[in-house]
Amino acid sequence: IHQANAGVSAARNVGAAAGLGKYLAFLDDDDLWSPERLSLQVAALEARPEAVASYCQWDFMDEQGTVFGTGELRAGDLHAFLRHETRAPIPTLLITRTGLDRVGMFHPMLPPGEDLDLIYRLARTGPFVFVPDVLVHYRRHDANESGDLCAAALASRRALWVQQWWSARSDETELLDDLHFGLRQSRRYWTEQLVRAAAHEA
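All values reported here derive from a predicted model rather than from experimental measurement.

**Q** Just checking my understanding: could you explain the nonpolar core for this structure?
**A** Taken as a class, soluble globular proteins show a tendency for nonpolar side chains to be buried jointly. Residues Phe81, Leu93, Ile95, Leu118 and Phe128 are the most contacted members of the largest nonpolar core, which totals 43 residues. No other element matches strand 6 (residues 128–139), which puts seven residues into this core. Setting aside residues no more than four positions away along its own chain, Phe81 makes contact with Tyr55, Gly76, Thr86, Arg87, Ala88, Ile119, Tyr120, Ala123 and Phe128.

Written as structure tokens, this is what we have:
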């Protein structure tokens, strides 16, 4: 499928809409999957019929394909995601079609935080199943959208603000507590990342 460049959300939405399967996964052209990735994550979802998504451990590789670290992900739910205690990155996700149909597609007005927004919306509807095996190999290089730390920091907070607004309107006090904690954690995390980047450039 080819279309004019309209951003990541639009591209993923077109692909997801054209898909006919029971599950959806997202593979950017510079990343790699282990051969058993889909079979293990499908099995995890089949074992938990109430689950809306599965995610796995990942590692990072450079432009030459040399692995230099792991993502240190762990099992979590909506509360853990909102509190920034762990996360379920889009490259590691296997989403059920029914779950995506329930919450809708990626929001084109929220880049680069459209992935966080979708994950929070999905996690409101059902559990995520974590597969601890390293099944996704994420390539880091200068062209990564996530390399813009200021944009990533703003996107993280904006996705949490959307959830905060939603939770306040729904009178979800418990989630508001998680969100207040998550916003503090987000500020701390991204401040540390920006300081490290500045020190590295110096």
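**Q** Looking at this structure, I do not really get the packing of helix 6 (residues 149–169) against helix 7 (residues 173–201). What am I missing?
**A** Each pair of packed helices gets described by two things: the angle between the helix axes and the distance between those axes. Relative orientation of the contacting elements helix 6 and helix 7 amounts to 175°, with a least axis distance of 10 Å. Classified by the angle between their axes, helix 6 and helix 7 sit roughly antiparallel to one another. When helix 6 is examined against helix 7, the residues Leu149, Cys150, Ala152, Ala153, Ser156, Arg157, Leu160, Trp161, Gln163, Gln164, Ser167 and Ala168 are found in contact with a partner set consisting of Leu175, Leu176, Leu179, His180, Gly182, Leu183, Ser186, Arg187, Trp190, Gln193, Leu194 and Ala197. When grouped by side-chain class, the residues that make up the contact of helix 6 with helix 7 number 14 nonpolar, eight polar and two charged.

**Q** I would appreciate a short explanation of the pairing of strand 6 in the present structure.
**A** Sheet faces and side chains relate simply in a regular strand, where the side chains alternate between the two faces. In terms of residue burial, strand 6 counts as a mostly covered element, since nine of its 12 residues are buried. Pairing of strand 2 (residues 32–33) with strand 6 involves two bridges; the strand directions are antiparallel. Residue pairing in the sheet places Leu32 in a bridge with His137 of strand 6. Two strands pair when backbone bridges link them, and strand 3 (residues 53–61) and strand 6 are joined in this way by nine bridges, in the parallel orientation. The residue bridging Trp58 from the neighbouring strand is Val136, located in strand 6.

**Q** Is there a simple way to explain helix 6 in this structure?
**A** Think of an α-helix as turning once every 3.6 residues; residues three or four places apart then point the same way. Taking 1.5 Å as the rise per residue, helix 6 with 21 residues should run 30 Å; its terminal C-alpha atoms sit 30 Å apart, in good agreement. Contacts made by the buried residues of helix 6 are with helix 3 (78–82), helix 5 (114–123) and helix 7.

**Q** Teacher, can you tell me more about the environment of Gly99 here?
**A** Inspection of the secondary structure puts Gly99 in helix 4 (residues 97–103). On the basis of relative accessible area, Gly99 is assigned to the buried category, the value being 0%. Considered as a pair, Gly99 and Leu179 are 80 residues apart in the sequence and their alpha carbons are 23 Å apart.

**Q** Help me out: how do you make sense of the packing of helix 5 against helix 6 in this one?
**A** Direction vectors running N to C along helix 5 and helix 6 enclose 35°, while the axes themselves pass 9 Å from each other. In this structure, helix 5 meets helix 6 at a crossing whose hand is right-handed. Contact residues: helix 5 offers Leu116, Asp117, Tyr120 and Arg121, while helix 6 offers Ala155, Ser156, Ala159, Leu160, Val162, Gln163 and Trp166. Taken together, the residues that form the contact of helix 5 with helix 6 break down as seven nonpolar, two polar and two charged.

**Q** So what exactly am I meant to see when it comes to the side chain of Arg121 here?
**A** Along the chain, the position of Arg121 falls in helix 5. In contact with Arg121, other than residues within four places in its own chain, are Val103, Gly104, Met105, Phe106, His107, Gln163 and Trp166.

**Q** Just to check I follow, could you spell out unusual backbone geometry for this structure?
**A** Glycine aside, residues mostly have negative phi, and peptide bonds are mostly found in the trans state. In this structure, His84 takes a positive phi of about 60° despite not being glycine. Inspection of the secondary structure puts His84 in the loop between helix 3 and strand 5 (94–96). Overall, His84 belongs to the partly exposed group, its relative accessible area being 28%. The backbone phi angle of Asp171 is positive, close to 60°, even though this residue is not glycine.

Calculation criteria
- Within any chain, residue numbers begin from 1 and follow the written order of that chain's sequence.
- For a predicted model such as this one, the threshold for reporting local features is a pLDDT of at least 70, and the threshold for listing and counting side-chain atom pairs is 80 or more; totals across whole chains, interfaces and linings nevertheless cover every residue.
- Hydrogens are left out, water is left out, and the side-chain values use all remaining heavy atoms of the structure.
- Working definition of a nonpolar core: buried Ala, Val, Leu, Ile, Met, Phe, Trp, Tyr and Cys residues. They are joined through side-chain atoms within 4.5 Å.
- Only protein chains enter the accessibility calculation, which uses a 1.4 Å probe. A residue is then buried if its area is under 20% of the maximum for its type, exposed if over 50%, and partly exposed in between.
- For helices the rule is a DSSP run of H or I covering at least 4 residues; for strands it is a run of E covering at least 2, with both sets numbered from the N terminus onward.
- Residue contacts are defined here by distance: any two heavy atoms, one from each residue, within 4.5 Å place the two residues in contact.
- Orientation is described by lines fitted to C-alpha atoms, with helices fitted over the stretch in contact, and by angles between N-to-C directions that extend from 0 to 180 degrees.
- Any angle that falls under 35 degrees is termed roughly parallel, while one over 145 is termed roughly antiparallel, one within 65 to 115 roughly perpendicular, and all others oblique.
- Classification used: nonpolar for Ala, Val, Leu, Ile, Met, Phe, Trp, Tyr, Cys and Pro, charged for Asp, Glu, Lys and Arg, polar for all others including Gly.
- Strand pairing is defined by DSSP finding a minimum of two bridges between the two strands.
- Expected helix span is computed as 1.5 Å times (number of residues minus one).
- Crossings are classed by handedness, with left-handed meaning an anticlockwise turn of the near helix from the far one by less than a right angle and right-handed meaning a clockwise turn.

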